[in-house]
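Structural description and commentary
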Amino acid sequence: MLPASALLADTISGKLEFTKKPPHAGVLYAVNGGNEMPAATVDQLNQQFTPMLIVSKPGEAITFKNSDDVDHNIYANDRKTNVKFDVGLMPPGDSRSQTNDWPTDSLTRISCKIHPKMRGYIANISASAFREFEFDRKKKSFDIELLVVP
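So, a few notes on the structure that sits alongside this text. (Residues numbered from 1 in each chain as written. Predicted model: local features only at pLDDT ≥ 70, side-chain atom pairs only at ≥ 80, totals over all residues. Heavy atoms only, no water.)

**With respect to the pattern of salt bridges**
Under the definition given, this model contains three salt bridges. The shortest N-O distance in the salt bridge between Arg 96 and Asp 94 comes to 2.9 Å. A relative accessible area of 28% places Arg 96 in the partly exposed class. (Salt bridge = Lys/Arg side-chain N within 4 Å of Asp/Glu carboxyl O. Buried < 20%, exposed > 50% of the residue type's maximum accessible area, 1.4 Å probe, protein only.)

Here's what the structure looks like:
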């Protein structure tokens with residue numbers, strides 16, 4: 001016998017087609033879908049944000065960690081969302097927190113001032129049924145699927 005929540009589950013699936021190069025990352029979500037959202041954490045390892053895209057709910061504290069063996073600095077100066085913050089210099093093993101107080105349903109780019117090729121994204125959504133994507137920029141077509149529990 002399946003639990004009642006499994007009986008209400010549904011799947012959204014389809015294909016994303018890009019006419020130009022796809023973005024580096026994106027998120028698909030169902031408004032009011034799903035249950036609890038995991039805590040938002042961004043780590044830095046091998047001079048990359050991992051994962052490249054995280055999902056955070058409005059008003060939540062986002063944890064930034066440095067698991068690398070070099071100093072990093074995470075900041076945002078996103079003109080599209082008007083999000084600006086800077087967590088300061090983070091030595092190896094350090095962690096910092098930043099409250100997500102920017103516009104709901106937005107995607108904000110984050111970077112490292114020390115390593116300008118590092119880039120990541122924070123999606124600020126109020127839904128907990130979501131799926132993050134890191135796109136292969138050489139492809140223009142992607143199959144997508146999202147399990148939604150209303």
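**Considerations on the side chain of Glu 60**
Relative to the assigned elements, Glu 60 resides in the loop between β5 (53–56) and β6 (61–65). Within the buried set, Glu 60 has no salt-bridge partner at all; the shortest N-O distance to an opposite charge, 5.3 Å, is to Lys 57. Looking at Glu 60, its side chain comes within polar contact range of the side chain of Ser 56, at 3.1 Å. In this structure Glu 60 touches Pro 38, Ala 39, Ala 40, Gln 98, Thr 99 and Asn 100, once residues within four positions along its chain are discounted. (Helix = DSSP H or I, 4+ residues; strand = E, 2+ residues; numbered from the N terminus. Lys, Arg positive; Asp, Glu negative; His and termini not counted. Polar contact = N/O pair within 3.5 Å; in protein donor to acceptor, adjacent residues only side chain to side chain. Contact = heavy atoms within 4.5 Å.)

**Thoughts on the environment of Ser 126**
In this structure, Ser 126 sits in the loop between β11 (119–124) and β12 (129–134). Residue Ser 126 is classed as exposed on the basis of its relative accessible area of 52%. Between the alpha carbons of Ser 126 and Val 55 there is a distance of 9.5 Å; along the sequence they are 71 residues apart. Setting aside anything within four residues of it in sequence, one finds Ser 126 in contact with Pro 58 and Thr 104.

**Regarding the nonpolar core**
Generally speaking, a soluble globular protein has its nonpolar side chains buried in company with each other. Ile 62, Phe 64, Ile 74, Phe 85 and Ile 110 are the most contacted members of the largest nonpolar core, which has 17 residues in total. Of all the secondary structure elements, the ones that give two or more residues to this core are β6, β7 (72–78), β8 (83–90) and β10 (106–112). Formed by nine residues, the second largest nonpolar core is a distinct cluster that contains Met 52, Leu 53, Val 55 and Phe 130. (Core = buried A, V, L, I, M, F, W, Y, C linked by side-chain atoms within 4.5 Å.)

**A word on the sheet that holds β6**
Pairing is mixed in the open sheet, where four strands are placed in the order β4-β3-β6-β9. Single-partner strands in this sheet number two, and they are β4 (48–50) and β9 (95–99). Put simply, the sheet's adjacent strands are angled 25° from each other on average, direction ignored. As paired elements, β6 and β9 share five bridges and run antiparallel to each other. Residue pairing across strands places Thr 63 opposite Ser 97, the latter belonging to β9. (Pairing = 2+ DSSP bridges. Axes fitted to C-alpha atoms, helices over the stretch in contact; angles between N-to-C directions.)

**A closer look at the environment of Asn 73**
Positionally, Asn 73 belongs in strand β7. With relative accessibility at 7%, the residue Asn 73 sits in the buried group. The spacing of Asn 73 and Cys 112 is 39 residues in sequence and 4.9 Å in space, taken between C-alpha atoms. Non-local contacts of Asn 73, meaning those with residues more than four positions away in its chain, are made with Gln 44, Asp 86, Gly 88, Leu 89, Ser 111, Cys 112, Lys 113 and Ile 114.

**Side note on the side chain of Asn 73**
A polar atom in the side chain of Asn 73 sits 2.8 Å from the side chain of Asp 86. Here Gly 88 takes part through its backbone oxygen, which lies 3.1 Å from a polar atom of the side chain of Asn 73.

**A look at the sheet that holds β11**
Strands sit in the order β5-β11-β10-β7-β8 across an open sheet of five strands; the sheet is mixed. Each of the sheet's edge strands pairs with one partner strand only, and the pair in question is β5 and β8. Averaged over all neighbouring strand pairs, the angle between strand axes comes to 25°, with direction disregarded. As paired elements, β7 and β8 share six bridges and run antiparallel to each other. Bridged to Asp 78 within β8 is Val 83.

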